[in-house]
Number of protein chains: 2
Amino acid sequence: MALEFDLIETYFKPLSQGLSIEEVGIGDDGAVLSVPENHQMVVVTDTLVCGVHFPLETSAYDIAWKAVAVNLSDLAAMGASPGGYSLGLTLPDNDQAWLKGFASGLRAITEQFKIPLIGGDTTKGPLTLTVTAHGWVPNQQAILRSGAQVGDLICVTETVGDGALGLKVALEQLDKGFSSELSEIEKQALLSALNHPVPQLAIAADLRGLVNSAIDISDGLLADLGHILEQTNRKQHKLSAGLVLEFGAEIELEQLPLSSAVEKYITQTHDWSPVLSGGDDYQLCLTLNKQNWPQLQKIAQQYGVRITQIGRVVEQKGIHCLMSGKPVADELIKTTGYSHF
Amino acid sequence: MALEFDLIETYFKPLSQGLSIEEVGIGDDGAVLSVPENHQMVVVTDTLVCGVHFPLETSAYDIAWKAVAVNLSDLAAMGASPGGYSLGLTLPDNDQAWLKGFASGLRAITEQFKIPLIGGDTTKGPLTLTVTAHGWVPNQQAILRSGAQVGDLICVTETVGDGALGLKVALEQLDKGFSSELSEIEKQALLSALNHPVPQLAIAADLRGLVNSAIDISDGLLADLGHILEQTNRKQHKLSAGLVLEFGAEIELEQLPLSSAVEKYITQTHDWSPVLSGGDDYQLCLTLNKQNWPQLQKIAQQYGVRITQIGRVVEQKGIHCLMSGKPVADELIKTTGYSHF
């Protein structure tokens, strides 16, 4: 078996290119990186465990892509421009074919988002990956969860529910009758949403100053929107000495942007859980003042990203799902977001 | 079981104190951190796997301490001042007593080295920890492995071999006869070196500009000194168009600073492997111009850290171990450093 240093030389060092002559990538105790002036650093971290965050059968290429992608999605939600990422890779064995596929996946996302691998550690053990990524925002311009305002429009990028339905496809949990109604293209699109999520990092910098709050839908739409409301409420409590406004949200289910496969699934099963609580979507949920909507639409067109209004921030506590303008029965929406335990 | 957000609130959020009002710690998609002017960022990462990097029986307190300590040791080797750290924690279950102990260990090292926890991710799976830490160095002042010069003195901090011998104590691998010769205090000191290593971060900033190269002895003295020589040789190859100098090192075994327990062990077994290739020591191996030796001694006294000369960088390729000035038989030193596979 190759020694760790061969592993690093062969597979990982080529991914640390793009650093300047004053910077140091892989090969020392740590990386040395220059920092842009008048910027703050954003740091995010996410761990993926085999069999928990991706099915056993997932390809090495997809595992590598996803481990980085979920972090870039968090950077995007903060409005950050990419800086670099470190990889803690725990592997059961030193399978060269697996490593080759893994390195290809890393290379693909590293090059697509122009974010170098700056360091890492490879260890022996059950397959687990922790990526820590950093990015940059101009001072005081990070987009926070806590910035929502009453009256804000709530929007999401692209479609919701594909990651969760993709997991059902991967695990062959779908009813056979329904499964046969999906085209091969639809199934592939669902699996791609699960295994090869594309973080909304391209538009992140343009969202700064335009949206009031953002989060990525990794835990599920209701749970993540709940995080925005919770953080916003906390901030209000801190700021206000007296009367406290409790923020809530109204979501119009008909407005939720769905892929054809997810739409078919809901029509047949009436099960909204992949959309409302599925998670694993890596789309952004944004809130913004409605006067900024035209500008947001311009950005969406410029980058070819679909952005859809799905509701608004209201003064009434809690998240209220509406259909045809009327509240939806609680049992439909009594789905909580992904809990890590 | 408590949900992940309760875990974070109860155990981890209190460790992100010390951030300024312009900064954001735990609770958003990522942390937002201000950066000191005219500084570069140093980023390090290390993964610990239960049963590989620490015995199963290790206490939660010690696991937490060590996961952070090994990273601070890497920051120290770069001459960095502490910035913050992220934790990717994979846990088999949500054991409140374990988590309480774990949080105490994190708190202890967080407070001792004044480095806040800035983010993390907790997931379910086999016990694995990845810490990514960052620190700061004034522009172009990071201490690199590649800076050694022929004629440099080679030094180490404190004593060498205690971590590796501590592992033999923990795993009850020591010969009973020998084991009975160790006092309780000696055994505890060995276990402490293994489970509660104290990174040499306090003196790190003072080493900048004073030493030519540094590395921490986590993979074993010979292997890590080898990394210094390898990186230095690479740099020389890049810099020189023509004649290339191959750097090597001479180490005088009698000069190696040993604890009483390690000294007893070598006297009885003639086994130098814990000292030369054991690793897990988290002491620094430094090379410096001999004219800087008095200043280094001053710093050592100021911080109460023992620093010992053990050899010098020479023009002869390879690492040559000497005893009474004579080369030591190869079989004694044919011990390679810790390999992660």
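Here is what the cut-offs are and how they apply
Residues numbered from 1 in each chain as written. Chains lettered and ligands numbered in written order. Predicted model: local features only at pLDDT ≥ 70, side-chain atom pairs only at ≥ 80, totals over all residues. Domains from an automatic or database assignment. Contact = placed C-beta atoms within 7 Å. Helix = DSSP H or I, 4+ residues; strand = E, 2+ residues; numbered from the N terminus. Nonpolar A, V, L, I, M, F, W, Y, C, P; charged D, E, K, R; others polar. Core = buried A, V, L, I, M, F, W, Y, C linked by C-beta atoms within 7 Å. Buried ≥ 20, exposed ≤ 12 C-beta atoms within 10 Å, placed from the backbone. Pairing = 2+ DSSP bridges. Axes fitted to C-alpha atoms, helices over the stretch in contact; angles between N-to-C directions. Expected span 1.5 Å × (residues − 1). Parallel < 35°, antiparallel > 145°, perpendicular 65-115°, else oblique. Left-handed = near helix turned anticlockwise from the far one by under 90°.

Participant: Which residues make up the domain arrangement of chain A, and what values do they have?
Facilitator: Residue and element names in this part refer to chain A. The assigned domain composition of chain A is domain 1 (4–138) and domain 2 (145–333). One C-alpha centre belongs to domain 1, the other to domain 2, and the line joining them spans 27 Å. Counting residues at the interface gives 19 residues for domain 1 and 18 residues for domain 2. Residue assignment for the side of domain 1 that touches domain 2 shows that the elements contributing at least two residues are helix 2 (60–77) and strand 3 (81–91). Sorting elements by how many residues they give to the side of domain 1 that touches domain 2 places helix 2 first, with 11 residues. Residues of the side of domain 1 that touches domain 2, tallied by class, amount to 12 nonpolar, four polar and three charged.

Participant: Quick one: what's the story with the nonpolar core, residue by residue and with numbers?
Facilitator: Among the nonpolar cores identified, the biggest contains 202 residues, and Val42 of chain A together with Val42 of chain B are the most heavily contacted of them. Those residues in contact with Val42 of chain B that sit more than four places away from it in its chain are Gly30, Ala31 and Val32 of chain A together with Leu75, Met78, Ala80, His134, Gly135, Val137 and Ala142 of chain B.

Participant: A description of the interface of chain A and chain B should follow, citing residues and the corresponding values.
Facilitator: Of the residues lining the interface, 54 residues belong to chain A; the matching set on chain B comes to 54 residues. Mapped onto the side of chain A that touches chain B, the elements with two or more residues apiece are strand 1 (31–33), strand 2 (39–49), helix 2, strand 3, strand 4 (117–124), strand 5 (128–138) and strand 7 (213–216) of chain A. Per element, the largest residue contribution to the side of chain A that touches chain B is nine residues, and it comes from strand 2 of chain A. A per-class count over the side of chain A that touches chain B returns 22 nonpolar, 22 polar and 10 charged. Summarising the sheet, strand 2 of chain A and strand 1 (residues 31–33) of chain B pair through three bridges and their orientation is antiparallel. Residue pairing across strands places Val42 of chain A opposite Val32 of chain B, the latter belonging to strand 1 of chain B.

Participant: How would you summarise the sheet that holds strand 2 (residues 39–49) of chain B if you had to cite specific residues and measurements?
Facilitator: Pairing within the open sheet is mixed, and its five strands lie in the order 1(A)-2(B)-5(B)-3(B)-4(B). Strand pairing shows two members of the sheet lacking a second neighbour, strand 1 of chain A together with strand 4 (117–124) of chain B, which therefore form its edges. Direction aside, the axes of adjacent strands within the sheet are offset by 15° on average. With respect to the sheet, helix 2 (residues 60–77) of chain B is in contact with strand 2, strand 3 (81–91) and strand 5 (128–138) of chain B, its orientation differing from that of strand 2 of chain B by roughly 140°.

Participant: Outline helix 8 (residues 221–239) of chain A, listing residues and values.
Facilitator: Counted at 1.5 Å a residue, the expected span for helix 8 of chain A with its 19 residues is 27 Å, and the 27 Å between its end C-alpha atoms agrees. For helix 8 of chain A, every residue scored as buried is listed here: Leu221, Leu222, Ala223, Asp224, Leu225, Gly226, His227, Ile228, Leu229, Gln231 and Thr232 of chain A.

Participant: If you had to explain unusual backbone geometry to someone new, which residues and values would you point to?
Facilitator: Residues and elements named next belong to chain B. The phi dihedral of Gln140 falls on the positive side, at around 65°, and the residue is not glycine. Residue classification places Gln140 among the exposed positions, given that 10 C-beta atoms sit within 10 Å. One non-glycine residue, His270, adopts positive backbone phi at about 55°. Structurally, the position occupied by His270 is in the loop between helix 9 (260–269) and helix 10 (273–276).

Participant: So what's going on with the packing of helix 2 of chain A against helix 3 (residues 96–112) of chain A? Which residues, and what values?
Facilitator: All names here are of chain A. Contact geometry of helix 2 with helix 3 gives a least axis separation of 7 Å together with a crossing angle of 40°. Comparing their axes, helix 3 and helix 2 come out oblique. Pair helix 2 / helix 3 crosses with right-handed handedness. Side by side, helix 2 and helix 3 meet where Ala60, Tyr61, Asp62, Ile63, Ala64, Trp65, Val68 and Ala69 of the first sit next to Trp98, Gly101, Phe102, Ser104, Gly105, Leu106, Ala108 and Ile109 of the second. Grouping the amino acids of the contact of helix 2 with helix 3 by side-chain chemistry returns 12 nonpolar, three polar and one charged.

Participant: Talk me through the sheet that holds strand 3 of chain A; I want residue IDs and the actual numbers.
Facilitator: One open sheet accounts for five strands, arranged 4(A)-3(A)-5(A)-2(A)-1(B); its pairing is mixed. Edge positions in the sheet fall to strand 4 of chain A together with strand 1 of chain B, since each has one partner strand and no second. Within the sheet, the average angular offset between the axes of one strand and its neighbour, ignoring direction, is 15°. Pairing geometry for strand 3 of chain A and strand 5 of chain A, over nine bridges, is antiparallel. Looking across to strand 5 of chain A, one finds that Leu87 of chain A is bridged to Val131 of chain A. Helix 2 of chain A contacts strand 2, strand 3 and strand 5 of chain A of the sheet and is inclined by roughly 140° relative to strand 2 of chain A.

Participant: So, the packing of helix 4 (residues 162–170) of chain B against helix 6 (residues 184–195) of chain B: which residues are in play, and what are the values?
Facilitator: All names here are of chain B. Helix 6 packs onto helix 4 with a crossing angle of 110° between their chain directions and a minimal axis gap of 7 Å. Here helix 4 lies roughly perpendicular to helix 6, going by the angle between them. Of the residues in helix 6, those touching helix 4 at Asp162, Gly163, Leu165, Gly166, Leu167, Val169 and Ala170 are Lys187, Ala189, Leu190, Leu191, Ala193 and Leu194. Tallied by class, the residues present in the contact of helix 4 with helix 6 amount to nine nonpolar, two polar and two charged.

Participant: So what's going on with helix 2 of chain B? Residues and values would help.
Facilitator: Residues and elements named next belong to chain B. The end-to-end C-alpha distance of helix 2 is 26 Å, a good match for the 26 Å that 18 residues give at a rise of 1.5 Å each. With respect to burial, helix 2 is a largely interior element, 17 of its 18 residues being buried. Positive phi appears at Gly79, one or two residues downstream of helix 2, with a value of about 75°.

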